[in-house]
Amino acid sequence: MFGLQFPVASGRCTRGAFMTLLKVKENFREELGCHFILVIDTEGLKAPELASLEDSYEHDNELATLVVGLSDITIINMAMENTSEMKDILQIVVHAFLRMKEIGKKPSCQFVHQNVSDVSAYEKNMRDRKKFLEQLDEMTKVAANMEKKKRGITCFSDVMDYDPEKHNWYIPGLWQGDPPMAPVN
């Protein structure tokens with residue numbers, strides 16, 4: 001997205017978080033309201049390399065909280081192949097957003113759904129957005145119970161400003177062939 005090259009293995013960043021500071025061109029500074037953008041890329045939640053570790057879930061929670069806490073905008077890249085993994089990732093992210101709400105920070109979140117076969121199928125994508133919002137609401141209730149924050153938190157929009165029309169992006173496959181050596185589509 002930003003034209004950066006971070007170390008990868010199996011299509012994911014490896015071991016921790018990588019950061020790069022990008023200077024914003026003068027003609028975009030006023031529009032963006034900043035001179036620099038700090039891009040933070042993580043190893044990915046539920047990384048296969050860490051799945052065998054005893055405290056991998058706690059590690060994922062800590063990593064998500066760190067990145068969401070440092071960010072004004074969080075972009076969650078979701079390949080739709082594995083729905084059970086997607087639910088686990090959503091739960092971890094919702095925990096991080098709950099913690100940010102607790103300290104008074106409400107960052108923006110954008111969901112990028114990749115490998116969508118027909119990005120122009122508005123009706124199908126609208127159904128997907130409604131189902132996705134239901135899953136986010138469900139994850140929010142579970143996370144609120146786990147964090148002992150039941151009062152006033154019943155849906156995802158209680159945690160952050162979320163508009164299914166504006167905060168979901170559908171894109172086709174990014175790669176031609178198999179990553180990590182595949183060319184960009």
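The structure contained in this document is the topic of the report that follows. (Residues numbered from 1 in each chain as written. Predicted model: local features only at pLDDT ≥ 70, side-chain atom pairs only at ≥ 80, totals over all residues. Heavy atoms only, no water.)

**Some thoughts on the nonpolar core**
Move 1: In this structure, Leu90, Phe97, Phe111 and Phe156 are the most contacted members of the largest nonpolar core, which totals 30 residues.
Move 2: Looking at this core, the elements that each hand over two or more residues are helix 2 (56–70), strand 5 (73–79), helix 3 (83–102), strand 6 (108–114) and helix 4 (122–146).
Move 3: Examining the composition of this core, we find that ten residues originate from one element, helix 3, more than from any other.
Move 4: Those residues in contact with Phe97 that sit more than four places away from it in its chain are Val68, Thr74, Pro107, Cys109, Phe156, Val159 and Met160. (Core = buried A, V, L, I, M, F, W, Y, C linked by side-chain atoms within 4.5 Å. Buried < 20%, exposed > 50% of the residue type's maximum accessible area, 1.4 Å probe, protein only. Helix = DSSP H or I, 4+ residues; strand = E, 2+ residues; numbered from the N terminus. Contact = heavy atoms within 4.5 Å.)

**Section: the side chain of Gln110**
Move 1: Following the sequence through the fold, Gln110 ends up in strand 6.
Move 2: Relative accessible area serves as the criterion here: at 15%, Gln110 is assigned to the buried category.
Move 3: In terms of polar contacts, Gln110 uses its side chain to reach the side chain of Trp169, at 2.6 Å.
Move 4: Non-local contacts of Gln110, meaning those with residues more than four positions away in its chain, are made with Ile73, Thr74, Ile75, Ile76, Lys166, His167 and Trp169. (Polar contact = N/O pair within 3.5 Å; in protein donor to acceptor, adjacent residues only side chain to side chain.)

**Brief notes about the environment of Leu90**
Move 1: Along the polypeptide, Leu90 turns up in helix 3.
Move 2: Residues Leu90 and Glu138 lie 48 residues apart in sequence; the distance between their C-alpha atoms is 10.0 Å.
Move 3: Residues within four places of Leu90 in sequence aside, it is in contact with Met78, Phe111, Phe132, Leu136 and Met139.

**Concerning the packing of aromatic side chains**
Move 1: A complete count under the given rule lists five aromatic pairs for this structure.
Move 2: For the ring pair Phe111 and Phe132, a centre distance of 4.8 Å and an interplane angle of 80° mean the geometry is edge-to-face. Of this pair, Phe111 sits in strand 6 while Phe132 sits in helix 4; the two residues are 21 residues apart in sequence, bridging distant segments of the chain.
Move 3: Of the residues examined, Phe111 reaches a relative accessible area of 1% and is grouped as buried.
Move 4: Residue classification places Phe132 among the buried positions, given a relative accessible area of 2%.
Move 5: The structure contains a cluster of three or more aromatic residues connected by ring pairs, namely Phe97, Phe111, Phe132, Phe156 and Tyr162. (Phe/Tyr/Trp six-rings, centres within 6.5 Å; stacked < 30°, edge-to-face > 60°.)

**Quick notes on a nonpolar patch on the surface**
Move 1: A cluster of nonpolar side chains, namely Met19, Leu21, Phe36 and Leu38, defines an oily patch on the protein surface of about 420 Å² accessible area.
Move 2: Sorting the residues of the nonpolar patch by element identifies strand 3 (17–23) and strand 4 (36–42) as the ones contributing at least two each.
Move 3: Examined against the element boundaries, Leu38 turns out to sit in strand 4. (Patch = residues over 30% accessible without salt bridge, like charges linked within 9 Å, V, L, I, M, F, W, Y side chains within 5 Å. Areas by Shrake-Rupley, 256 points an atom, 1.4 Å probe, with all protein chains shown as cover. Salt bridge = Lys/Arg side-chain N within 4 Å of Asp/Glu carboxyl O.)

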